[in-house]
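# Remarks on the overall topology
So the chains spell out like this:
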Amino acid sequence: YADILETDRASFGLKDGGYALIANIPYYITGAILESFLEYEPRPNRMVLLVQKEVAQRIVARDGKESILSVSVKAFGAPKLVDTVPPGAFTPPPTVDSAILAIENVSAARFTASNLKIRDFFDIVKAGFAHKRKFAKSNLSSVMTKDALDATWTKNSLNEKARAEDMTLDQWFAITAEKIPRTE
């Protein structure tokens, strides 16, 4: 028995990609658990979590709008909202609906293949989402020069008026690769 956020998973003999995480987690630490198990080794190969329904919907971007959370999860795996669970399924019942969220094929392979550091990627994504109503290109001016942004947008055929929520995971990886050149 231990605090999941303070436990050294490697001390249990867990290997990267060699286990599954299946849990009903405290909703208030959902983000911290996702960050811990996705960004840091040893990662599970699959996660199946009971989370707040609105969080699961945001992760799978059910409304077609991405968020830092959805981009973060998708960078490491394939999230799927499996089913919803009503409050009456619990005693005592919570005040919110719950959902079963599955994240398959968890790995850092995308970062390895792109030769990008996880931290660099998240620095770019967080800057891009810094101001929700601003265009992504404008938000990124805090971490890239105007010339670099113009070149990146042209090279990747990005929409000048795209907001961060409208950009795809591939586009975030492309922007990061332009900002942080690959080291061969």
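Residues numbered from 1 in each chain as written. Predicted model: local features only at pLDDT ≥ 70, side-chain atom pairs only at ≥ 80, totals over all residues. Heavy atoms only, no water.

### Let's talk about the nonpolar core
We count it as follows: In plain words, nonpolar cores are sets of buried Ala, Val, Leu, Ile, Met, Phe, Trp, Tyr and Cys residues tied together by side-chain atoms within 4.5 Å. Between buried and exposed lies partly exposed: a residue is buried under 20% and exposed over 50% of the maximum accessible area for its type, with that area taken using a 1.4 Å probe on protein chains only. Helix and strand assignments come from DSSP, with helices taken as H or I runs of at least 4 residues and strands as E runs of at least 2, each series counted from the N terminus.
Membership of the largest hydrophobic core comes to 48 residues, with the highest contact counts inside it found for Leu34, Met47, Phe111, Phe121, Trp172 and Ile175. Elements that contribute at least two residues to this core include exactly helix H1 (30-39), strand S2 (46-52), helix H2 (53-60), helix H3 (68-74), strand S4 (98-104), helix H5 (118-128), helix H7 (146-155) and helix H8 (169-179). Ranked by the residues each element gives to this core, the list is headed by H5, at 6 residues.

### A look at the pattern of salt bridges
Threshold: Salt bridge, as used here: a side-chain nitrogen of Lys or Arg that lies within 4 Å of a carboxyl oxygen of Asp or Glu.
Tallied over the full model, the rule gives 14 salt bridges. The residue Arg43 makes a salt bridge to Glu41 at a minimum N-O spacing of 3.8 Å. Accessibility expressed as a relative area gives 4% for Arg43, which makes it buried. Ionic pairing is found between Arg46 and Glu104, a salt bridge with its closest N-O pair at 2.9 Å. Placement of the pair is Arg46 in strand S2 and Glu104 in strand S4, with a sequence separation of 58 residues. The network of salt bridges with shared partners includes Lys65, Lys132, Glu165 and Asp166.

### Brief notes about the sheet that holds strand S1 (residues 20-24)
Stated formally: A pair of strands counts as paired when DSSP detects no fewer than two bridges linking them. Note on geometry: axes are lines fitted to C-alpha atoms, helical ones only across the stretch in contact, with angles between N-to-C directions running from 0 to 180 degrees. Here a residue-residue contact requires only that any non-hydrogen atoms of the pair lie within 4.5 Å.
Across the sheet, which stays open at both edges, the 4 strands sit in the order S1-S2-S4-S3 with mixed pairing between neighbours. Across the chains shown, the open sheet's two edge strands, defined by having one partner strand only, are S1 and strand S3 (78-85). Pairs of neighbouring strands in the sheet enclose a mean axial angle of 20 degrees, with direction left out of account. Judged from the 6 bridges that link them, S2 and S4 form a sheet pairing that is antiparallel. When the sheet's bridge partners are listed, Met47 is paired in S4 with Ile103. Running over the sheet, H1 touches S1, S2 and S4 and is turned about 170 degrees from S2. Those strands touched by H2 are S2, S3 and S4, and its axis lies near 150 degrees from that of S3.

### Quick word on the packing of aromatic side chains
Under the convention used in this document: Centre distance within 6.5 Å is the pairing criterion for rings of Phe, Tyr and Trp, where only the six-membered ring of Trp is used; planes under 30 degrees apart are then read as stacked, over 60 as edge-to-face, and the remainder as tilted.
All told, the structure shown has 7 aromatic pairs when counted by the stated rule. Measuring from ring centre to ring centre gives 5.4 Å for Phe111 and Phe121, while their planes differ by 80 degrees; the resulting arrangement is edge-to-face. Taken together, the positions of Phe111 in helix H4 (residues 109-114) and Phe121 in helix H5 put the pair 10 residues apart, joining distant regions of the chain. Overall, Phe111 belongs to the buried group, its relative accessible area being 3%. Here Phe111 and Phe173 contribute two aromatic rings whose centre-to-centre distance is 5.1 Å and whose plane-to-plane angle is 55 degrees, an arrangement assigned as tilted. Taken together, the residues span a long stretch of sequence, with Phe111 in helix H4 and Phe173 in helix H8 at a distance of 62 residues.

So, to be careful, I would describe these as geometric facts and stop short of saying anything about function.
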